[in-house]
Amino acid sequence: MSFSTHFSHAITRRPSASITRGLRAVDTGTPDLALMQAHQAAYIATLRETGATVVELPALDAYPDSVFVEDTALCLPQGAVIMRPGAPSRLGEAAEMAPHLQALYTRVVAITGSDSFIEGGDILVTGREILVGRSARTNAAGIAELTRLVAPWGHKVREVLTPPGVLHFKTDCSLLDTDTILSTSRLSASGCFEGYTVIDIPDGEEAAANTIRFNDLVLMPAGFPHTRDAITRAGFTLREIGNSECAKLDGGMSCLSLRFTPS
Ligand code: CIR
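Residues numbered from 1 in each chain as written. Predicted model: local features only at pLDDT ≥ 70, side-chain atom pairs only at ≥ 80, totals over all residues. Heavy atoms only, no water.

### Quick look at empty space enclosed by the protein
- Across all of its chains, the model carries three cavities of 30 Å³ or more by this definition.
- In this structure, the largest cavity occupies an estimated 360 Å³ of space.
- Lining the largest cavity we find 22 residues, and of these F7, E70, V125, K170 and R259 sit closest to its centre.
- Residue composition of the lining of the largest cavity, grouped by class: twelve nonpolar, six polar and four charged.
- Secondary structure elements with two or more residues in the lining of the second largest cavity: α1 (33-49) and α6 (244-247).
- Top element by residues in the lining of the second largest cavity is α1. It accounts for three residues. (1 Å grid on protein atoms, 1.4 Å probe; cavity = no way out; pocket = protein on both sides within 12 Å on 5 of 7 lines; lining within 4 Å. Points joined across faces, edges and corners; volume = space filled by probe spheres on them. Nonpolar A, V, L, I, M, F, W, Y, C, P; charged D, E, K, R; others polar. Helix = DSSP H or I, 4+ residues; strand = E, 2+ residues; numbered from the N terminus.)

### Quick look at the pattern of salt bridges
- Considering all chains together, one arrives at 16 salt bridges under this definition.
- In this structure, the salt-bridge partner of E129 is R158, at a minimum N-O distance of 2.9 Å. Within this pair, whereas E129 is found in the loop between β6 (123-125) and β7 (130-134), its partner R158 is found in strand β8 (residues 157-161), the two being separated by 29 residues in sequence.
- Relative accessible area serves as the criterion here: at 15%, E129 is assigned to the buried category. (Salt bridge = Lys/Arg side-chain N within 4 Å of Asp/Glu carboxyl O. Buried < 20%, exposed > 50% of the residue type's maximum accessible area, 1.4 Å probe, protein only.)

### With respect to the site of the ligand
- The full set close to the ligand counts 13 residues, and D65, D71, R90, R137 and L249 are the nearest of them.
- Separating a nitrogen atom of the ligand from a backbone N or O atom of L23 is a distance of 2.9 Å.
- Take R137: an N or O atom from its side chain is 2.8 Å from an oxygen atom of the ligand.
- If you map the ligand onto the pockets, it falls in the largest pocket.
- For the shell around the ligand, a count of residues per class yields five nonpolar, two polar and six charged. (Near = heavy atom within 4 Å. Polar contact = N/O pair within 3.5 Å; in protein donor to acceptor, adjacent residues only side chain to side chain. Sits in = over half its atoms within 2 Å of the grid points.)

### Looking at unusual backbone geometry
- Positive phi values are uncommon outside glycine, yet N215 reaches one of about 55 degrees.
- Within the secondary structure, N215 is located in the loop between β12 (212-214) and β13 (217-221).
- On the accessibility criterion, N215 (7% relative accessible area) is buried.
- Here the phi dihedral of D250 falls at roughly 65 degrees; this positive angle occurs in a residue that is not glycine.
- By the element assignment, D250 lies in the loop between α6 and β15 (258-260).
- For D250, a relative accessible area of 29% corresponds to the partly exposed category.

Encoded structure:
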């Protein structure tokens with residue numbers, strides 16, 4: 001069992017009514033709060049089914065995107081790192097998360113440089129290394145600061161590129177086990193996953209790339225049968241979770257939780 005696939009805890013946050021003002025690259029319609037709440041309830045029940053403790057934080061009306069807690073922190077076995085989101089409307093979400101991680105972890109540090117920006121969605125922890133995609137939300141200064149903070153904990157950071165026009169690195173990939181990565185072909189073609197086994201997302205199902213491995217389950221967005229079959233054929237146990245409302249805001253399975261085993 002690896003710290004990158006097996007976790008005792010997750011933190012989620014309830015979506016607020018302000019979710020209708022959440023950031024999106026392309027407007028494909030207003031998210032329906034009640035349906036998003038129902039999808040989130042199924043997501044949390046699935047995390048709990050694996051035996052994990054799931055903390056549900058209250059909605060934050062001031063932050064329309066705050067349901068996407070993943071972007072506020074990086075959780076490692078040795079401690080947590082509070083991020084500095086590159087979206088101005090999301091910067092304050094990180095400070096809202098800090099006390100909840102301080103309550104569970106002995107060591108909590110933070111990205112503090114005024115020029116440093118980094119969001120959790122750009123970070124893939126594989127167990128061998130930490131891949132961080134430079135993107136419109138994550139810059140070189142943010143990656144350099146993260147590299148310095150986690151080096152004493154024994155972690156190596158490798159800077160990679162989030163494909164142009166893609167929100168986060170993990171919009172296009174996810175870890176299925178310590179050797180296996182599910183990826184869009186536009187991302188894997190960059191060669192950034194050399195040394196890993198890559199399962200390529202079938203063409204036309206790119207929106208299924210953001211899944212999570214959580215203990216013995218893989219949670220994936222519902223509605224992508226070819227990807228579902230590819231993951232099942234590779235031997236993983238799957239749960240499909242409705243994601244239509246989060247998808248309108250470019251969100252997927254990983255964005256909805258912080259996953260960790262506190263120390
Ligand atoms: C945003 O643009 O920041 C949100 N609407 C979506 C964030 C998704 N988070 C993630 O992929 N980790």
